[in-house]
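Overview (structure and organization)
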Amino acid sequence: MLIKERLTVRQFAVLAFMGMIGDMMLIYPTLLTYSGRQDAWICSIVSQGIGMSILWLSYKLHQAYPGLTLIEICSKALGKWIGAILAAAYLFYFLMGSAICIREVGDFMTTQVYLHTPIRAIILLFVIALGWSVLKGLGTFGKMAEILAPFVMISLIILMLCLLPKMEVSNIQPFFDTPLFSFISGSVRGATASYGELIIITMIYPYITHGVHKRRELLLAALLAGIMLTLILLTSLLVLGAELTEHNIYVSYILAQKINIGGFVQRIEAISSTAWLVSTYFKTSLYTFGFILGLAQLCRLKSYQPLILPTMLLLFGMAIVISPDVLFYTLGIMYAWFNWDFTVSIVIPAFLLLIHLMKNRFKQRNNAGTLSQK
């Protein structure tokens, strides 16, 4: 195997939590309010059940092919050539996911925090940090997630508690006023945008220490992340209303700017932006690590480390050219990305699992026929 170190079950659960929170902390409210309007928070609650089914599907795929990553499963299930094509498609998805997250960081920092800093400087610093985490390995990465996850969690809780005085129930009324098709679209969109992008954890399943509670820890961590995203969405709707939530790109950052308790507790958006950067960093690192590891497995290399530097250079260039500005991303990429998430997290894993079941049934029939002839 290319990786000898192992993640503990707790580290794996923390990485799943951070990977799901990721960039969703800022864009999740906007994404769901686009379809669900003032009922977006109800769509988010419904999406939790859909999302858990998506995770169950990926875990069943892992059980069908234990010890193999998603890239190896593609070749195992579909053969050398067809499997390689599908694996390459997944690698492109991981690469694009990393580049998009990096560009999100660059756009956010240069439009909200460091207004006069060139975006290339922000992207370069972030890419260097990514390369360092991949170079240090999966074990170090998991320990770092354990240390920083409480900071992200506490920051979100503080954000929501400080906004309690500004919440108005009238902003989410009337209830269930959204058309059925839009409601369903918002629910499915919320599930695939958050839970669906955890398909990347299928690249690290084989590198987890054996534990009886692996599935339980994964589902609980993802459910906790889903609940946190739902609470952020609900907070945004109660404070800003559906109209402002839909048309503001960085909702959580804007919410943090509105905090002012007694003229003393205010201007804590720096804490909110730091928490978002941390969670996005871990999500991007997962996608980057998955791409590098998968490419090494597809090319049958003995080590993935020679691919780190070329990948970092590629990501630096892609993050710059992938979008001319933040409006292109929010209007042209964000909503179209849903179709890609739906395909890679639901359609293809279900197809691979179906092939595995058909192969097993065919083998059982052959074995039964052989035994009857004897």
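Heads up: the structure comes first, above all this text.
Basis of the calculations
- Residues numbered from 1 in each chain as written.
- Predicted model: local features only at pLDDT ≥ 70, side-chain atom pairs only at ≥ 80, totals over all residues.
- Heavy atoms only, no water.
- Helix = DSSP H or I, 4+ residues; strand = E, 2+ residues; numbered from the N terminus.
- Rg over C-alpha atoms; globule rule 2.2 N^0.38 Å.
- Buried < 20%, exposed > 50% of the residue type's maximum accessible area, 1.4 Å probe, protein only.
- Lys, Arg positive; Asp, Glu negative; His and termini not counted.
- Charge placed at Lys NZ, Arg CZ, Asp CG, Glu CD.
- Phe/Tyr/Trp six-rings, centres within 6.5 Å; stacked < 30°, edge-to-face > 60°.

Topic: the overall build of the protein
Scanning the protein from terminus to terminus reveals 15 helices and two strands. Taken against the 2.2 N^0.38 rule, which gives 21 Å for 374 residues, the C-alpha radius of gyration of the protein at 21 Å falls within 12% of a compact globule. Taken over the C-alpha atoms alone, the protein extends approximately 85 × 45 × 40 Å along its principal axes. By residue count, 55% of the 374 residues in the protein fall in the buried class. Here the protein holds 26 positive side-chain charges and 16 negative ones, and the gap between their average locations is 18 Å.

Examining the packing of aromatic side chains
Between two aromatic rings, the relevant description is the distance of the centres plus the angle of the planes. The full count for this structure, using the stated rule, is 13 aromatic pairs. Ring plane angle 75° and centroid distance 5.9 Å describe the contact between Tyr-59 and Tyr-205, whose orientation is recorded as edge-to-face. Of this pair, Tyr-59 sits in helix H3 (residues 40–64) while Tyr-205 sits in the loop between helix H8 (180–194) and helix H9 (214–240), and the two are 146 residues apart along the sequence. Summarising the burial analysis for this pair, Tyr-59 and Tyr-205 share the class buried. Through successive ring pairs, a cluster of aromatic residues spans Tyr-90, Phe-92, Tyr-93, Phe-94, Tyr-287 and Trp-340.

Describing unusual backbone geometry
If you check the backbone angles, Arg-300 has positive phi at about 60° while not being a glycine. Tracing the sequence through the fold places Arg-300 in the loop between helix H12 (269–298) and helix H13 (308–321). The exposure class assigned to Arg-300 is exposed, which follows from its relative accessible area of 69%.

Don't take any of this as a statement about function, it's just geometry.
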